[in-house]
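Residue strings, one per chain:
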Amino acid sequence: MQPLRGLFQRARRGLHFGEALSAAVKPLLHDMYYQHDTRKLVQLLNVLVTLAESNDFNYLVNQDYYFDFSKDEERMWRINQYVYANFQEPISISKAAEIANMSETAFCRYFKTRTLKTFTRFLNEIRIAYACKLLQKKDSTVTVACFESGFNSLSYFDRTFKEVMGKSPLEHRRMHEGL
């Protein structure tokens, strides 16, 4: 595990991997999508070891950069815990901001700078990931996946699913029927 520890230490400064390494890792990441949970974990470790053993990277910030993530991590942990526990229910930005002990405006700025996506996008991605699991079950329909994953509208679900996954829920379901 020593190489992984080194990778995570280097990653604190941000890493930009070279094209050759990115090209080598891309098929591994793509294959993860089609594998079952245990194999996904093994594949993730393969990807991390490949990244850890390579010198094909540049740091994104200089060596003097330091930021104490402990308070930040705890705040993000609380937000993540809340979202993962409640994503099937309506979740408002005001509730997420309250959990983060911030105003809505400050929370939206904070969340976007930490995740590079809006809170709504983050929530929708979690819901879509759950919908994908439901759509892989033979007894689940697109409508069931929509409402079970926390969406209130089938049309919004279809539009969001296509935006996140690059295909419609029905196309996704058909793609996994043969597996």
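Everything below is about the structure shown above.
Residues numbered from 1 in each chain as written. Predicted model: local features only at pLDDT ≥ 70, side-chain atom pairs only at ≥ 80, totals over all residues. Heavy atoms only, no water.

Asker: Would you mind going over the overall build of the chain in detail, with residue names and values included?
Answerer: Along the backbone of the chain there are 10 helices and two strands. Along the chain, from the amino end to the carboxyl end, the secondary structure elements read α-β-α-α-β-α-α-α-α-α-α-α. C-alpha atoms of the chain, sized along the principal axes, occupy 50 × 45 × 25 Å. In the chain, which comprises 179 residues, the proportion classed as buried is 32%. The long-range share in the chain, meaning contacts at least 24 apart out of those at least 6 apart in sequence, stands at 61%. When the accessible surface of the chain is split by element, carbon and sulfur atoms take 54% of a total near 11,900 Å². Charge centroids of the chain, computed over 25 positive and 20 negative side chains, lie 1 Å from each other. (Helix = DSSP H or I, 4+ residues; strand = E, 2+ residues; numbered from the N terminus. Buried < 20%, exposed > 50% of the residue type's maximum accessible area, 1.4 Å probe, protein only. Contact = heavy atoms within 4.5 Å. Areas by Shrake-Rupley, 256 points an atom, 1.4 Å probe, with all protein chains shown as cover. Lys, Arg positive; Asp, Glu negative; His and termini not counted. Charge placed at Lys NZ, Arg CZ, Asp CG, Glu CD.)

Asker: Summarise the pattern of salt bridges; cite the residues concerned and give the values.
Answerer: If charged atoms from side chains of opposite charge come close, those side chains can pair. With the rule as written, the count across this model stands at five salt bridges. One salt bridge in this structure joins glutamate 98 and lysine 95, with 3.5 Å as the shortest N-O distance. Of this pair, glutamate 98 and lysine 95 both sit in helix α5 (residues 93–99), three residues apart, which is roughly one turn of the helix. Overall, lysine 95 belongs to the partly exposed group, its relative accessible area being 31%. A salt bridge links arginine 121 to glutamate 163; its shortest N-O distance comes to 2.7 Å. Here arginine 121 is found in helix α7 (residues 119–135), whereas its partner glutamate 163 is found in helix α9 (residues 154–165), with 42 residues between them in sequence. (Salt bridge = Lys/Arg side-chain N within 4 Å of Asp/Glu carboxyl O.)

Asker: Help me get a handle on the environment of tyrosine 34, residues and values and all.
Answerer: Tracing the sequence through the fold places tyrosine 34 in the loop between α2 (19–32) and α3 (37–52). Taking relative accessible area as the criterion, tyrosine 34 reaches 38% and is therefore assigned partly exposed. When the C-alpha positions of tyrosine 34 and serine 103 are compared, they lie 40 Å apart, and in sequence the two are 69 residues distant. In this structure tyrosine 34 touches Met175 and His176, once residues within four positions along its chain are discounted.

Asker: Mind laying out the state of the cysteines, listing which residues take part and the relevant values?
Answerer: Scanning the entire structure with this criterion turns up zero disulfides. Among the cysteines around cysteine 132, which has no disulfide bond, cysteine 146 carries the closest sulfur, lying 13 Å off. The exposure class assigned to cysteine 146 is buried, which follows from its relative accessible area of 0%. (Disulfide = S-S within 2.5 Å.)

Geometric descriptors of this kind do not, in isolation, establish any biological role.
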